[in-house]
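Each chain, letter by letter, is given below.
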Amino acid sequence: MDIGFIGLGNMGAPMVQNLAKAGHRVAGFDVAGVAVEGVESAGSAKEAANGRDAVITMLPNGAILQSVYDDIVPGGRAGSVFIDCSTVDVESARAAHELAGKSGLLSVDAPVSGGIGGAAAGTLTFMAGGSRQSFDAARPLFDIMGQKAAHCGGPGAGQAAKICNNMILGISMIGVCEAFALGDKLELDRQKLFDVVSTSSGSCWSVNTYCPAPGVGPDSPADNGYRPGFAAELMLKDLLLSQQAAGAADAATPMGALASTLYKAFVEDGGKGQDFSAMLPHLTQRGFGSGNE
Ligand code: NAD
C-alpha cells in the first residue's frame, strides 16, 4: 500500500518503521522535522496524505487532529482509509469522522495501548471505532503495527473504550498504592500483602501485573526506578479526557474525578516523567492525599 503517516513522535516513529519494514511505501511528516529511516520525508501533511491508499495520524490532541484533518481531508483519495491512532477526546474523533465521511473517505478512530515498547515491537492493541467497512480496510495495517484490534462500534467508540479502560486503570492504581501505603503503616510485609491480594478479591492488573511496590510481583517500572512505562502525565491526559467525556454525556464518575485531581497534583508535584505507579512513593513519602490527617 501507499501510506501517509503524520506525527512521527515517540509512538509514530516506531509504528511507521514497522509499516516500512513490512514492505509498504510510506511517506511521513512531522512538524518537528523528524526523519525516520526507510520512510520518505514529505514536506507537509498534505503531501504525506494526498492520494494515498491509507493515511495514519498519531498526534498529541484533538485540536491538532482537527486542524490536520482540515488540511488533509480535501486531498484524500475517495475510498481510501484515514486512521487516527492518537488519543483524543470523543468529540474531536467524531468531528474527524464526519469531515472524512463528507469527502467520501473511510475513517477509523483507533487509539492504542501498549506504549512505546508495544509500538516498537509491533504488539500494540488497537481499539477502533467506525464502520465495519472502514475497520476491515484498516485491519491489515493494525495487524502489522499490533497484535490485537477490537472493533468497538461506530465513530468515537475506540476513543470511548480507551478512556473508560484508562479511567479504571487510574482509579485502580491509586487504590492499590493506597493499600500498600496503609500496609506499610500497619507494618505489613509488602510481599505478604502482594501474595494475599494477587490471589484474592483485590486482585487486578495494577497489582498482579504492574505492582507499584519495588521487588514485589513481576518485573514492572517500580523495579526500574519508576521510569515509564506509562508516564504519569499521560495517565493524567487520559483521566482528563474521561472527565471531559463524562461532563459532555452527563455521566456520574466521582472516582474518575478524584483520580484526575490526585494525578494532577502528583504531576505538578514532581511526578512528571515518572511512571504512573510512582503514586506509591508519592503517597508514602509525603503522606499526601490521605484525607484523614
Ligand atoms: P509525541 O509528542 O512524542 O508525538 C507527537 C508528534 O506529533 C510530535 O513529534 C509532534 O511534533 C507531532 N505533531 C504535532 N503537531 C503536528 C502537526 N500539526 N503536524 C504534524 N505533526 C505534528 O507523542 P506520542 O507519545 O508519540 O503520543 C502520540 C499519541 O499517542 C498521543 O495522543 C498519546 O496520548 C497517544 N499514546 C501515547 C502512548 C505513549 O506511551 N507514549 C501510549 C498510548 C497512546
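Everything numeric here is computed off the predicted structure, so don't read it as measured data. (Residues numbered from 1 in each chain as written. Predicted model: local features only at pLDDT ≥ 70, side-chain atom pairs only at ≥ 80, totals over all residues. Heavy atoms only, no water.)

Participant: So what's going on with the overall build of the chain? Residues and values would help.
Facilitator: Of regular secondary structure, the chain possesses 12 helices and nine strands. Taken over the C-alpha atoms alone, the chain extends approximately 65 × 40 × 35 Å along its principal axes. Here the chain, with 293 residues, has 49% of them falling under the buried criterion. In the chain, once contacts between residues fewer than 6 apart in sequence are set aside, the share between residues at least 24 apart is 62%. (Helix = DSSP H or I, 4+ residues; strand = E, 2+ residues; numbered from the N terminus. Buried < 20%, exposed > 50% of the residue type's maximum accessible area, 1.4 Å probe, protein only. Contact = heavy atoms within 4.5 Å.)

Participant: I'd love a proper account of the packing of aromatic side chains, names of residues and values included.
Facilitator: What the rule picks out here adds up to eight aromatic pairs. Look at tyrosine 69 and phenylalanine 82: their rings are 5.8 Å apart centre to centre, the planes differ by 90 degrees, and that puts the pair in the edge-to-face class. Of the two residues, tyrosine 69 is situated in helix α3 (residues 62-72) and phenylalanine 82 in strand β5 (residues 81-84); the sequence distance between them amounts to 13 residues. As far as burial versus exposure is concerned, tyrosine 69 and phenylalanine 82 are alike and both buried. Between phenylalanine 230 and phenylalanine 276 the ring centres are 5.5 Å apart and the planes differ by 70 degrees, which places this aromatic pair in the edge-to-face class. In this pair, phenylalanine 230 sits in the loop between α9 (205-208) and α10 (232-249) while phenylalanine 276 sits in the loop between α11 (254-271) and α12 (279-286), placing the two residues 46 residues apart along the sequence. Accessibility classification places phenylalanine 230 together with phenylalanine 276 in one group, the buried group. Put simply, the rings of Trp205, Tyr210, Phe230, Tyr263, Phe266 and Phe276 touch in pairs and so form one group of aromatic residues. (Phe/Tyr/Trp six-rings, centres within 6.5 Å; stacked < 30°, edge-to-face > 60°.)

Participant: Run through the packing of helix α7 (residues 157-185) against α11, naming residues and quoting values.
Facilitator: Remark: α7 packs on α11, axes separated minimally by 9 Å, with the N-to-C direction vectors making an angle of 70 degrees. One finds that α7 runs roughly perpendicular with respect to α11. Once α7 is placed against α11, the crossing between them reads as left-handed. Residues Met167, Gly170, Ile171, Met173 and Ile174 of α7 lie in contact with α11, whose contacting residues are Met255, Gly256, Ala259, Leu262 and Tyr263. Its residues assigned to classes, the contact of α7 with α11 shows eight nonpolar, two polar and no charged. (Axes fitted to C-alpha atoms, helices over the stretch in contact; angles between N-to-C directions. Parallel < 35°, antiparallel > 145°, perpendicular 65-115°, else oblique. Left-handed = near helix turned anticlockwise from the far one by under 90°. Nonpolar A, V, L, I, M, F, W, Y, C, P; charged D, E, K, R; others polar.)

Participant: Please provide a residue-by-residue account of the site of the ligand, values included.
Facilitator: Taken together, 22 residues form the shell around the ligand, and within it Asn10, Met11, Asp30, Leu59 and Lys237 come nearest. A distance of 3.0 Å separates an oxygen atom of the ligand from a polar atom in the backbone of threonine 87. Burial of the ligand by the surrounding chains reaches 83%, relative to a free accessible area of 830 Å². Using a 2 Å cut-off from the grid points, one finds that the ligand occupies the largest pocket. Among the secondary structure elements, those contributing two or more residues to the shell around the ligand are α3, α5 (115-121) and α10. In terms of residue class, the shell around the ligand is made up of 13 nonpolar, six polar and three charged. (Near = heavy atom within 4 Å. Polar contact = N/O pair within 3.5 Å; in protein donor to acceptor, adjacent residues only side chain to side chain. Areas by Shrake-Rupley, 256 points an atom, 1.4 Å probe, with all protein chains shown as cover. 1 Å grid on protein atoms, 1.4 Å probe; cavity = no way out; pocket = protein on both sides within 12 Å on 5 of 7 lines; lining within 4 Å. Sits in = over half its atoms within 2 Å of the grid points.)

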